[in-house]
Every structure is written in C-alpha cells, then in structure tokens.
Amino acid sequence: MKIINLGIFAHIDAGKTTLTENILLDSCLIKELGKVDKQTSHVDTMDLERSMGITIQSTSVRIELENTVINLIDTPGHADFYSEVERVIPVIDGAVVVVSAVEGVQAQTVKILSLLQSQGVRILFFINKLDAVGANASAVIDDIHEQLNMETLVMQTWDTNGKSPLVKRRLDESLFDELQAKSAEKQTTSLSDILLQRNIMPVFVGSAKLSVGIRDVLWGITNFIPERQPLAAEFSALVYKVGFQEGGGRMCYIRVFSGSIHLLERVYNIRTSQFEKVIRLYGYDGLKLKQETALGVNEIGVLCGIQAKVGDILGTSDGVRTLSHKPQSLFQINVIPFDVSQSVQIYQALRKLQEEEPSINIRWNAAVKEIWMDILGEIQLKVLQDKLLKQYSLSVFFGKTSVIYKETPRKKSSISLCANIYTSIELTVEPIERGKGVLIQSEVSTDKLFKKYQNVVITNIYKALQTGTRGHEVTDIQVTITGGKSTPVASNSKDFAELAHRATVLALQRSGVHLLQPYLSFELSYPSLYNQNVMKLLAIHQGIIADVWYDKQRTTVLGSVSAKNERGITKKLVTVTEGYGNWISEYSHYDI
C-alpha cells in the first residue's frame with residue numbers, strides 16, 4: 001500500500017483540530033466527532049490541551065483509505081510550541097495548511113509555509129470557516145497569491161448564500177481547462193503530475209465545524225501527495241520526538257526513511273557512534289500504539305530501549321531530512337520551588353522534561369543556588385508547571401521573565417597565574433567581530449605546557465565563558481594561551497582546570513565587558529491606511545527600519561528590533577492595525 005506521512009498545520013484558532021477530528025470520523029476511526037469547546041477532542045489528549053482548547057504536543061494517527069495509508073500528525077498552532085512543529089516537518093511528505101476564511105493568512109502561516117517549502121514538502125490548502133460571519137475565501141486565495149507568491153488551483157466551487165455553505169468538487173475537465181489557459185504547453189499528463197511539476201498548490205474550501213468539504217480534502221491528500229521513495233536499501237530513520245512511559249522508560253518516535261528495523265535488533269546512532277538494542281517496538285493502529293515486530297520504510301513508530309535524543313539519525317543518513325535550525329530562546333526565567341527541599345528533585349525532573357522539549361535548556365546557577373531555564377513563551381510555562389505537578393508531584397512557581405543577555409570583552413587584557421612554581425598559565429582575552437562567537441588558540445609549545453594539560457585548559461576556558469563575569473554567556477571573544485609550564489611530576493589536571501577558569505574570569509574583569517542583547521529581524525505587513533500609527537509604534541519601541549515597499553493597498557516593512565522591545569510592538573499591533581497586521585520575526589544577532 002502507498003504510505004503517506006501527513007502533517008496538519010495552522011495558525012491558532014483556524015480550526016485545525018476540528019478538521020483532524022472530521023478526518024478521523026470520515027475514516028471510521030471514531031464514532032462521534034470530538035469538540036474542542038466541549039473538551040472531547042480525540043487528538044488533544046492532555047488535560048491542559050483540552051481545558052485551554054489548544055494543541056500542545058504533536059499526535060500521530062494511522063488511517064487506512066482504500067490503497068493508501070496516511071500517518072497523520074496533528075501539530076500545535078500556538079507560537080510557543082513552534083519548535084514542536086519544526087521537529088515534525090522533516091518526517092512528513094505532505095501538509096494540509098489550514099487558513100481561516102475570516103482571519104486569512106497570518107504571520108504563523110507564512111512562517112510554517114516557508115519551512116515546508118524549504119524541506120520540499122507537498123502543500124495543500126484548506127480554507128476553513130466558510131460558514132463564519134465575515135468569511136471571504138476568495139480574498140484569502142488572493143492573499144496566498146500576493147503575499148506568499150504561490151500559484152494555486154482551486155479544486156471546488158462554493159455557495160455561501162444558504163443556511164450552510166454548499167461545496168462541490170470541480171470536474172477534472174474544468175481543472176485541465178484552467179491549467180491549459182495558464183500554460184502554452186498542452187497538458188498530456190495526469191492532473192497530479194501537472195500540479196507537482198509546476199509546483200501548483202491545490203486549494204480546498206469548507207467548514208470543519210459543519211463537516212463540509214472534508215471528503216474533498218481526503219481525496220486531495222490521496223491523489224496529490226506522492227509517496228516518498230527510499231534513497232537507500234539500508235535502515236535509516238530520524239528521531240523526531242522523545243517521551244517517557246509511566247515507568248520512566250524512554251520512547252523514541254521515529255520516521256523510517258529506508259530499510260526496516262526489527263524487534264531485538266541493534267541499531268546504530270550516528271551522533272553517539274554506538275549500537276543499542278531495540279527491546280520494544282510500536283507501530284500505530286488508528287489512535288493507539290500497538291506492539292509490532294518490525295517497522296518498514298515510510299512508517300512512523302516508537303522504539304524503546306535506546307537512549308536517542310530528538311534529531312538523532314539512526315542507521316545510515318542517506319535520504320534522511322533534518323532541520324539544522326534550532327529555536328533560539330531569547331528569554332529566561334528562574335524556577336522557584338514551593339518546597340526548597342525539593343530543589344534537586346525539581347531540577348532532575350526538568351532535565352528529563354528537557355529531553356521532550358530541548359528548547360527549555362535547564363541549568364543550575366550555583367552562585368545563587370537557583371534553577372533557570374530558557375523559554376519560548378508564557379503558555380510553555382503553564383505546560384511545564386502542569387507536567388511537574390501531574391507526573392512528578394512537584395509544585396513550582398516562576399520568577400520574572402528576563403532577556404538572555406551575553407557578554408563580550410571591551411578591550412584586550414592579559415593575565416598570568418600559577419598554582420606553584422611548576423604549574424602556570426598565561427592567557428589573553430580580546431574582542432572580535434560581532435557574530436564570530438568564541439575562538440580559542442594556543443601559542444605555547446607542548447614541550448612547555450603538555451598537550452593533555454592544554455586540552456584541560458581549553459575545556460575549562462569554555463566552561464568559564466558559559467557564565468562570564470555576570471552570569472551571562474560570553475561571545476565574540478578570542479582567548480589565546482600565551483604561556484605556561486608543566487612538569488611530569490608536580491603538575492596535575494585539577495590545578496590546570498582551576499587556573500584556566502580563574503584566569504579567564506579575571507582577564508574578563510580586567511578587560512571589562514559590554515552587555516549584548518538579542519535582536520530580531522522582522523517583516524511587518526498591514527493595510528496602508530494604518531501607516532501613520534504603525535510608524536509611530538515602531539519609533540516608540542526603537543524598531544530599526546531597513547526597507548519599506550507598497551503593493552496595492554498594503555505596506556510591508558522590513559527591519560530589526562531588540563527582543564525586549566518586540567514584545568511592546570506585538571502587544572499593541574493588533575489594536576493599531578485593528579487585527580489586520582501580520583508580524584513575522586526571527587532571531588538575527590546579538591549587539592549592544
């Protein structure tokens with residue numbers, strides 16, 4: 001059977017989960033449609049997901065339709081969980097992107113589409129909420145053309161004049177005629193091949209709430225998304241998610257790109273260069289996991305017994321798609337235990353939760369004896385708080401969110417330290433060009449400072465640079481080991497580790513440091529009638545404008561802004577543009 005791995009994506013409140021529920025109902029996997037507002041959704045299984053009415057974690061379902069197996073992955077729509085979306089994209093072959101016929105193309109939609117296209121994922125659009133007040137599917141389709149520069153083919157006709165919208169799929173002859181009108185070449189191949197060759201996106205319309213247009217979407221999935229062909233005979237897979245069983249056992253969610261994996265087989269992890277035995281293996285049977293003896297090409301499943309992490313490639317890397325981009329957390333917060341005696345347990349539990357969500361970056365600040373973590377958003381905190389309480393019976397609250405600053409030296413500075421007359425080091429720190437990171441080099445002969453001790457010194461310089469002089473990571477710095485000595489008898493690694501750490505910090509203190517803050521590049525699009533208010537908003541929050549252009553009745557502004565000031569812009573943008581502004585931003589660089 002043909003196997004398709006499909007992701008469903010949307011901006012928040014576009015109706016993605018309702019569409020997924022309809023697909024499950026139409027595929028006979030459920031007997032009754034789950035409702036988000038009634039907290040009965042079948043794909044949102046966490047209590048917090050149901051109570052908040054949002055998807056927090058990706059959920060997989062296996063659907064069988066005629067000669068096609070669809071491994072459907074429902075993804076979060078909220079920006080706080082965008083990293084979860086990014087991890088899913090490399091394992092899918094096609095995507096249904098849900099856009100509200102009322103709100104239209106949103107910033108989150110644009111961001112997702114850009115990522116899907118960069119990974120070569122086949123895209124179908126579903127314009128939802130055709131029944132809602134203010135719905136205008138034609139205007140949304142125009143936006144897809146103009147804002148996203150995508151060529152589309154609308155697969156249905158519709159009428160919204162009645163009590164509920166009427167949707168009818170267009171005949172192939174009609175679709176061929178439209179394609180022929182757009183091209184001088186005669187269309188001789190299948191409709192699916194033409195759309196694929198010319199990179200034309202099929203567009204479907206409907207109302208997930210009223211179960212209108214769902215079968216057309218399923219028809220589009222099975223007809224317009226091709227099965228991925230393996231590029232190797234050997235086993236290859238990507239770990240896109242990690243979870244834990246009730247007993248604490250690790251569950252590694254994988255997509256098989258080629259070959260197969262069997263129960264009790266030893267699998268090679270490229271990152272660790274180690275073989276590990278698969279002690280349990282699961283595939284999907286509808287909404288549930290089912291123990292299997294093997295997983296074949298294009299399947300999605302779970303391996304237990306291996307200690308893989310998110311992003312690990314198993315077997316060979318041939319044909320495996322990966323995302324090199326990692327979400328840059330620009331804000332941090334301290335985790336405060338209700339019971340201080342539980343600090344160690346809380347830290348250990350959070351480290352385990354970091355395996356599921358690598359972006360949170362848990363760390364222990366030994367100087368103030370506090371737990372700190374990076375965050376992508378406020379809702380992410382509620383999720384972590386809920387998991388700590390329900391999974392580990394640990395209660396916490398959080399301090400004030402702060403920007404993650406970095407340090408860089410102001411000027412060149414040198415220092416010399418010794419543990420005794422036989423054990424010493426000399427080093428210099430100096431600033432380098434922005435964005436160059438950390439450079440460490442040695443000018444000392446290994447005859448004077450043995451190679452093994454130089455390695456210890458370099459390792460501990462890196463460690464010292466993680467916390468700098470004020471608790472911030474140090475960047476855009478060059479550290480040069482300019483002198484030192486060691487002897488076979490009187491020198492040891494512990495002394496050199498302590499010297500390296502102390503010398504680095506003292507050299508930075510002598511140099512003095514600049515604090516660097518994170519900046520984001522942004523693209524802001526809005527109706528031109530709001531120009532004056534938007535420009536005033538950008539000026540108040542010190543937005544740096546790089547370019548402005550006008551297209552029909554919309555204005556697009558490109559620029560950069562500090563992460564601290566971006567929050568002020570995004571909070572007020574909805575009011576300033578009456579909800580018609582689209583803001584897209586991503587981490588750019590650190591600067592003063």
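1. With respect to the sheet that holds strand β3 (residues 68-74)
Then, in step 1: Taken in spatial order, the 7 strands make up an open sheet running β2-β3-β1-β4-β5-β9-β6, and their pairing is mixed. Looking at the sheet topology across the chains shown, the edges are occupied by β2 (59-65) and β6 (152-154). Between one strand and the next, the sheet's axes are offset by a mean angle of 25°, whatever the strand orientation.
Then, in step 2: Summarising the sheet, strand β5 (residues 122-128) and strand β9 (residues 201-205) pair through 3 bridges and their orientation is parallel. Among the inter-strand pairings, Phe-125 is bridged to a residue of β9, identified as Val-203.

2. Points about the pairing of strand β10 (residues 236-244)
Look at any regular strand and the pattern is simple: side chains alternate between the two faces of the sheet.
Then, in step 1: Burial analysis of β10 places 8 of its 9 residues in the buried class, the great majority of the element.
Then, in step 2: Looking at chain direction, β10 and strand β11 (residues 250-258) are connected through 8 bridges and run antiparallel. Along β11, the bridge assignment pairs Ala-237 with Val-256.
Then, in step 3: With antiparallel pairing between neighbouring strands as the criterion, β10 and β11 make up a hairpin whose turn holds 5 residues, including Gly-248 at a positive phi of roughly 100°.
Then, in step 4: Bridge count for β10 against strand β19 (residues 313-315) is 3 bridges, and the pairing is antiparallel. Opposite Leu-238, over in β19, you have Ile-313 as the bridge partner.

3. Some remarks on the pattern of salt bridges
Then, in step 1: Under the criterion given, the structure shown has 17 salt bridges.
Then, in step 2: The shortest N-O distance in the salt bridge between Glu-64 and Arg-62 comes to 3.5 Å.
Then, in step 3: The class of Arg-62 is buried, set by a relative accessible area of 18%.
Then, in step 4: With a closest N to O distance of 3.7 Å, Arg-567 and Glu-378 form a salt bridge. With Arg-567 in helix α14 (residues 563-576) and Glu-378 in helix α10 (residues 378-392), this residue pair connects regions lying 189 residues apart in the sequence.
Then, in step 5: Under the relative-accessibility criterion, Arg-567 is labelled partly exposed at 31%.
Then, in step 6: Glu-378 gets classed as partly exposed once you look at its relative accessible area, which sits at 43%.
Then, in step 7: Overlapping salt bridges bring together Arg-62, Glu-64 and Glu-299 as one network.

4. So, the packing of helix α13 (residues 531-540) against α14
Then, in step 1: As a packed pair, α13 and α14 sit with axes 10 Å apart at the nearest point and diverge in direction by 165°. On the basis of the axis angle, α13 is roughly antiparallel to α14. Note on packing geometry: the crossing formed by α13 with α14 is right-handed. Counting all contacts with α13, which are made through Asn-533, Val-534, Leu-537 and Leu-538, the residues of α14 involved are Gly-568, Ile-569, Lys-572, Leu-573 and Val-576.
Then, in step 2: Split into classes, the residues belonging to the contact of α13 with α14 amount to 6 nonpolar, 2 polar and 1 charged.

Reading the values: rules and limits
Residues numbered from 1 in each chain as written. Predicted model: local features only at pLDDT ≥ 70, side-chain atom pairs only at ≥ 80, totals over all residues. Heavy atoms only, no water. Pairing = 2+ DSSP bridges. Helix = DSSP H or I, 4+ residues; strand = E, 2+ residues; numbered from the N terminus. Axes fitted to C-alpha atoms, helices over the stretch in contact; angles between N-to-C directions. Buried < 20%, exposed > 50% of the residue type's maximum accessible area, 1.4 Å probe, protein only. Salt bridge = Lys/Arg side-chain N within 4 Å of Asp/Glu carboxyl O. Parallel < 35°, antiparallel > 145°, perpendicular 65-115°, else oblique. Left-handed = near helix turned anticlockwise from the far one by under 90°. Contact = heavy atoms within 4.5 Å. Nonpolar A, V, L, I, M, F, W, Y, C, P; charged D, E, K, R; others polar.

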